[in-house]
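# Remarks on the overall topology
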Amino acid sequence: MDALTRDLREALESLDRPRIEALFQRAMLRYSPMEVAEGVIVPALEQLGAAWEAGTVALSQIYMSSRICEEMIERVLPPMAPERKGQPRQAIVVLSDYHMLGKRIVLAVMRASGFDILDYGRMNVGELVERVQSDNVKILLVSVLMLPAALKVKALRAALDAKGIEIRIAVGGAPFLFDPELWREVGADVMGRTAADAVAIVRRWMEEMA
Amino acid sequence: MMTSMQRVMTAMAHQEPDRVPLFLLTTMHGAKELGLSIRDYFSRAEFVAEGQMRLLEKYRSDCLYPFYYASLENEAFGGETIFIDDGPPNSGGPVIGRSEDIDRLAPPRVADLACLQRGLETIRILKERVGDSVPIMGSVISPFSLPILQMGFDRYIELIYEQPERFARLMAVNQSFCADWANAQLAAGATAIGYADPMSSTTNIPRALYLKTGHRVAMETLRLIKGPAAIHLASGRGLGIAEDIVATGTPAVGVSTLEDLTEWKSAVGDRLTLLGNLNGVTMRHWTGAEAEHEVKQAIAKAGRGGGFILADNHGEIPWQVPDEVLLAIREAVDLWGRYPLDWVE
């Protein structure tokens, strides 16, 4: 799988669609859809995420790669596929601000990795608390771009606590990258530096919740 | 003692002025000074001009910064602005709902738009008040970055990769508007223009693609702007395209806090003035000692020989940054920014 992952990562970085498709087909001949998602696509996207953090890959490549991977996986592992069952309820949201790219990338990476995840779009704190409660969400991924939106996670946590809702919150977005302590300040459980981090975080939490 | 204008011009000529110039790029803080909401503050040219003058007196920054908010230019294309109480206004829904809309898009006329005329009036008032003693920094969003607001970041990336002809048409429309808007600001009294171009940052697109897109757009647009225009990548990384930025002919560049000023200085020498790179997000909770440390470090890295203006890394200081921190930055520049910088090893 390592060679496949390496080749896929290179093809994704250069957005070579025919080669990406050929590598995906080759992987599907050897492994199950979930094995391809977890063993080939996730590591390739993780490597791209690390390269973005290091400044050698750009956001446009991350976005296009995650979108292509999402499309491929959804062909063989549709949203309601049985392999996706048994996951704790999880959702992703853009809190307060109007910048959707970060959420779009994380959503694509999560779906490409075989996760079922509710897409809440953009919500304010009050609306989000109600939805989380009614959907019985256990894991919430919060994406923001603007600092005021990042600071609203504090109000979100307070509102959830006031209702006695037990939920784990992972945050991500530019303000958290520029201030590495901000996630603690606002009461999140963890921050993700890249979209691929979200996969590792949710996997870890799923094991802890099992 | 030099005036702010003399100080900035000397630094930009890559000589050492009396002290390191400081651009405290406060936009919303003027609303606090006037006791107004951010929405009300930006509703009248006189408010923003008065706010800028009060901030100038309070912090003795070396420029006036009559920038309203990024969504203003999206408003010019018919977009909506959504105000919040504690931060910069956001752009509402995209004005380019479908990529086909680009085929019918036309550049709005600066003279017809009240939102832009407010900005021009602010510049005119400031120019009357300070004459040539303080630089007035105008601002435009680059033609290459404006589509992030016009159509959403994700759909814009797809457009760049998948629809080159429509992308070219959108650039032509935006370029025409951008040059008119910049030149109107210069005519109103702006000393220079900040060309905000985060999309060109290597954080957002790879260099090879930048050379075919944002770089070409910048080369052409900067030629149409009848005054100095400093490229600002708005927190994005730029070292990987430093040589390309020099090639645009810009006199200055905004440096990200994610990058090292020493590396930038070494890469561009006296070909670009560096603007930056204090971290505006962590600035919210700096102590006086931390502010002094950050200022001292930036000056030590980039101050020698001029060609450096101390500023935040984004081009806008967050609303949440308290006055005490801004005053501490001011004091630290007074203390450590005096030329010659004998204390720097």
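Residues numbered from 1 in each chain as written. Chains lettered and ligands numbered in written order. Predicted model: local features only at pLDDT ≥ 70, side-chain atom pairs only at ≥ 80, totals over all residues. Heavy atoms only, no water.

### Focus on the nonpolar core
Selection criterion: As used here, the term nonpolar core means buried Ala, Val, Leu, Ile, Met, Phe, Trp, Tyr and Cys residues forming a set that is joined through side-chain atoms within 4.5 Å. The classification of residues rests on relative accessible area computed with a 1.4 Å probe and restricted to protein chains. Under 20% of the type maximum is buried, over 50% is exposed, and intermediate values are partly exposed. The start and end points of each domain follow an automatic or database-based domain assignment.
In this structure, I41(A), L141(A), Y156(B), L310(B) and I329(B) are the most contacted members of the largest nonpolar core, which totals 157 residues. Per-domain counts for this core show at least three residues from each of domain 1 (1-76) and domain 2 (90-209) of chain A. Core analysis: the next-biggest nonpolar cluster, separate from the first, contains 31 residues, V132(A), V171(A), F178(A) and A188(A) among them.

### Quick notes on the packing of aromatic side chains
Residue and element names in this part refer to chain B. Our working definition: Aromatic pairing here means that ring centres of Phe, Tyr or Trp (its six-membered ring) are within 6.5 Å. Orientation follows from the plane angle: under 30 degrees is stacked, over 60 is edge-to-face, and everything else is tilted. For helices the rule is a DSSP run of H or I covering at least 4 residues; for strands it is a run of E covering at least 2, with both sets numbered from the N terminus onward. Think of it as a cone above the ring: NZ of Lys or CZ of Arg counts as a charge over the ring if it is within 6 Å of the ring centre and within 35 degrees of the ring normal.
Enumeration over the complete set of coordinates arrives at 11 aromatic pairs over all chains. Seen in terms of ring centroids, F42 and Y69 are 5.4 Å apart; in terms of plane orientation they differ by 75°. Their pairing is edge-to-face. Taken as a pair, F42 in the loop between α3 (38-41) and α4 (45-59) and Y69 in the loop between α4 and α5 (71-76) lie far apart in primary sequence, 27 residues in all. For the pair F42 and Y69, a shared accessibility class is recorded, and that class is buried. Through pairs of rings, three or more aromatic residues link up here, namely Y41, F42, Y68, Y69 and F83. Against the face of W336 rests K296, its NZ or CZ located 3.9 Å from the ring centre.

### Describing the layout of surface pockets
All names here are of chain B. The condition that has to hold: Cavity and pocket criteria rest on a 1 Å grid covering protein atoms alone: a 1.4 Å probe that fits but cannot get out defines a cavity, protein on both sides within 12 Å along at least 5 of 7 lines defines an open pocket, and an atom within 4 Å of a point defines a lining residue. Grid points are joined across faces, edges and corners, and a volume is the space filled by probe spheres set on the points.
If you add up the space inside the second largest pocket, you get close to 240 Å³. Taken together, I160, Y161, P164, F167, P206, A208, L209, K212 and T213 make up the full set of residues lining the second largest pocket. At the level of elements, α8 (153-162), α9 (164-188) and α10 (207-212) are the ones that each hand at least two residues to the lining of the second largest pocket. Here the lining of the second largest pocket takes 3 residues from α10, the largest share from any one element.

### What to know about the pattern of salt bridges
The cut-off we apply is this: Salt bridges are counted wherever a side-chain nitrogen of Lys or Arg sits within 4 Å of a carboxyl oxygen of Asp or Glu.
Here the structure, examined in full by the defined rule, presents 39 salt bridges over all chains. Residue D7(A) is joined to R6(A) by a salt bridge in which the shortest nitrogen-to-oxygen separation is 3.3 Å. A relative accessible area of 15% means that D7(A) is categorised as buried. Across the salt bridge formed by E46(B) and R44(B), the nearest N and O atoms sit 3.5 Å from each other. Classification of E46(B) by relative accessible area gives partly exposed; the value is 38%. Judged by its relative accessible area of 43%, R44(B) falls in the partly exposed class. Sharing partners across several salt bridges, the network here consists of R7(B), D18(B), R19(B), R60(B), D62(B), R330(B) and D334(B).

### Re unusual backbone geometry
Residues and elements named next belong to chain B. Note that the residue after G276, namely N277, is joined by a cis bond; omega there is -20°. Within the secondary structure, N277 is located in strand β8 (residues 273-278). Residue P340 is reached from Y339 by a cis peptide bond, and omega for that bond is -5°. By secondary structure assignment, the location of P340 is in the segment after α15 (323-336). Positive phi, normally seen in glycine, also occurs at H14, with a value near 60°.

### A word on the domain arrangement of chain A
Residues and elements named next belong to chain A. Rules: When checking whether two residues touch, look at their non-hydrogen atoms; a contact exists if any pair is within 4.5 Å. Throughout, the accessible surface (probe 1.4 Å) given up by two parts as they are put together, summed over both, is called the buried area.
If you check the domain split of chain A, you get domain 1 (1-76) and domain 2 (90-209). Averaged C-alpha coordinates put domain 1 and domain 2 at centres separated by 24 Å. Tallying the contact residues gives 19 residues for domain 1 and 15 residues for domain 2. Together domain 1 and domain 2 conceal approximately 1,500 Å² of surface at their shared face, both sides included; 67% is due to carbon and sulfur atoms.

### As for the UniProt feature "domain: Uroporphyrinogen decarboxylase (URO-D)" (unreviewed entry) in chain B
Spelled out, the test is: UniProt positions are given in the numbering used here, feature names are shortened, and annotations may be inferred rather than shown by experiment.
As recorded in UniProt, the sites labelled "domain: Uroporphyrinogen decarboxylase (URO-D)" (unreviewed entry) are residues 3-334 of chain B. Along residues 3-334 of chain B the backbone is 47% helical and 10% strand, and the end-to-end C-alpha distance reaches 14 Å.

### Notes on empty space enclosed by the protein
Residue and element names in this part refer to chain B. Basically, it comes down to this: Residues are grouped as follows: nonpolar covers Ala, Val, Leu, Ile, Met, Phe, Trp, Tyr, Cys and Pro; charged covers Asp, Glu, Lys and Arg; every other residue, Gly included, is treated as polar.
In total, this model carries 4 cavities of 30 Å³ or more according to the counting rule given. In this structure, the largest cavity occupies an estimated 110 Å³ of space. Going through the elements one at a time, α5, α6 (114-130), β4 (137-141) and α9 are the ones with two or more residues in the lining of the largest cavity. Take the lining of the largest cavity: its biggest share by element is 3 residues, from β4. Class assignment of the residues belonging to the lining of the largest cavity gives a composition of 8 nonpolar, 4 polar and 1 charged.

### So, the side chain of S139(B)
Residue and element names in this part refer to chain B. Within the secondary structure, S139 is located in strand β4. Of the residues examined, S139 reaches a relative accessible area of 12% and is grouped as buried. Setting aside chain neighbours within four positions, we find S139 in contact with Y65, F67, E73, W181, Q185, I193 and G194.

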